[in-house]
Amino acid sequence: MEFSLNSPLDMHIHFRQDKMLELVAPLTAKYFAGGVIMPNLVPPVDSIDKLDKYRSEVEQITSPLNFEPYMTLFFRQYKEEELLAAKDKIIGIKLYPAGVTTNSESGISDLKQADSTFRMMQELGIPLLVHGETHGFVMDRESEFISVYQWLAENYPNLRITMEHITTKDAVEFLDRYENVFATVTLQHLLITLNDVAGGLLQPHLFCKPIAKRPEDREALLEAALEAHPKLMFGSDSAPHPVHKKESAGCAAGVFTAPVAIPILVELFEKHNKLENLQTFLSENARRIYKILPPEKTTTLSKQEYTIPVRYGEVVPFRAGETVSWWYKDE
Ligand code: NCD
Ligand code: ZN
């Protein structure tokens, strides 16, 4: 049995730089037609020069694979001329509250001070992508941030806002409250809860920000994804770290899912008899929401037992060493 997808998109992906970029970017670009490239490098991508340089580093690797990198800038207060120059080069600007995740130290600490940037983004039609977590108790960080999303949605009604990597029932419910609010969801948050991370022996390769939550949260996310909720897009948040940064005291946050995301999604949607909705979840919703036309690419999988490698270079993937029931055809 085979299953094909037409131009699947990953609307939230960490490509990193240098050797890591060379290792991970092809593992997305082979299978996806495009992806939203996160700007949390060291230092962050927060100027046109850095953006141009990063795009060309990415394109050097991804162009032969017929992949469109949708670039993002790291949020700061920008001047109008900067936004005008950036507008056609980016899909949006990614906002990290200061210090909430990997390489976000230079993020924003008081959103109200950024009013003029939000207003200009709204006028220019530049979407705002948000890592929505407070500095509160780890299980409550996303739910606490909903009031910030509300403030943004109400104050900037024409600003398109994407809640990145949502992990809670609260966020799923919030999606329907404002026309200008959308969301991405990762693979791992459709599959795991905090129990999988820390309920038995600690699993560093499942540790990410935002942390996986409760069973009822996972259920709400899974239901929305399986129905291909029109405001929900797939964004893997595949976030590679070398094994020594994961299997150590002070484990880095991030789950590496790039090469395994599509096969595991096919397995999951098939299990729930919802395969017919996967194309919408993996591509159509994003095309409509962001008004993008990705390169034509067909990704075909066949039903076959496949054992996921234990390593890709120095990175351990999600479900390393486990068997999946679908894999890419001819691989
Ligand atoms: C991401 C990373 O490693 O860059 N980590 C993560 O746990 N998701 C950063 C992020 O998206 O928060
Ligand atoms: Zn991310």
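Everything here concerns the structure above.
I will try to describe carefully the structure that is included in this document. Here the structure is a predicted model, which means the values were calculated and not measured. (Residues numbered from 1 in each chain as written. Chains lettered and ligands numbered in written order. Predicted model: local features only at pLDDT ≥ 70, side-chain atom pairs only at ≥ 80, totals over all residues. Heavy atoms only, no water.)

**Here we look at the sheet that holds strand 11 (residues 323-328)**
Sheet strands pair via backbone hydrogen bonds, and the direction of the pair is either parallel or antiparallel.
Then comes step 1: Taken in spatial order, the 3 strands make up an open sheet running 1-10-11, and their pairing is antiparallel. Only two strands of the sheet have a single partner each, and these edge strands are strand 1 (2-6) and strand 11. Adjacent strand axes in the sheet meet at a mean angle of 35° when their direction is disregarded.
Then comes step 2: Both strand 10 (residues 298-307) and strand 11 contribute to a ladder of 5 bridges, which runs antiparallel. Within strand 11, the position partnered with Leu301 by the bridge is Tyr328.
Then comes step 3: Along the sheet, helix 11 (residues 261-271) contacts strand 1, strand 10 and strand 11; its crossing angle with strand 11, the most-contacted strand, is approximately 115°. (Pairing = 2+ DSSP bridges. Helix = DSSP H or I, 4+ residues; strand = E, 2+ residues; numbered from the N terminus. Axes fitted to C-alpha atoms, helices over the stretch in contact; angles between N-to-C directions. Contact = heavy atoms within 4.5 Å.)

**Section: helix 12 (residues 278-290)**
Then comes step 1: A rise of 1.5 Å per residue sets the reference length of helix 12, with its 13 residues, at 18 Å; its end C-alpha atoms lie 18 Å apart and thus fit the reference within 8%.
Then comes step 2: Glu284 marks the point of greatest bend in helix 12, at about 40°.
Then comes step 3: Among the 13 residues in helix 12, 10 count as buried, and that is most of the element.
Then comes step 4: Within helix 12 the residues assigned to the buried category are Leu278, Gln279, Phe281, Leu282, Ser283, Asn285, Ala286, Arg287, Ile289 and Tyr290.
Then comes step 5: Backbone geometry just after helix 12 places Lys291 at a positive phi near 55°. (Expected span 1.5 Å × (residues − 1). Bend = angle between axes of the 7 residues up to and from the residue. Buried < 20%, exposed > 50% of the residue type's maximum accessible area, 1.4 Å probe, protein only.)

**Structural notes on the environment of Ala253**
Then comes step 1: Here Ala253 lies in the loop between helix 10 (243-246) and helix 11.
Then comes step 2: When the C-alpha positions of Ala253 and Gly313 are compared, they lie 18 Å apart, and in sequence the two are 60 residues distant.
Then comes step 3: Here Ala253 is in contact with Thr102, Phe207, Cys208, Lys209, His241 and Lys246, once residues within four sequence places are set aside.

**So, the nonpolar core**
Then comes step 1: With 101 residues, the main nonpolar core has Phe118, Leu278 and Phe281 as its most contacted residues.
Then comes step 2: Residues Met11, Leu129, Phe182 and Ala286 belong to the second largest nonpolar core, which totals 15 residues. (Core = buried A, V, L, I, M, F, W, Y, C linked by side-chain atoms within 4.5 Å.)

**Here's the deal with the side chain of Asp237**
Then comes step 1: Summarising the element assignment, Asp237 is placed in the loop between strand 9 (232-234) and helix 10.
Then comes step 2: Despite its burial, Asp237 pairs with no opposite charge; the closest candidate is Lys94, at 6.3 Å N-O.
Then comes step 3: If we skip the residues at most four places from it in the chain, Asp237 touches Asp10, His12, His14, His165, Thr186, Lys209 and Val255. (Lys, Arg positive; Asp, Glu negative; His and termini not counted. Salt bridge = Lys/Arg side-chain N within 4 Å of Asp/Glu carboxyl O.)

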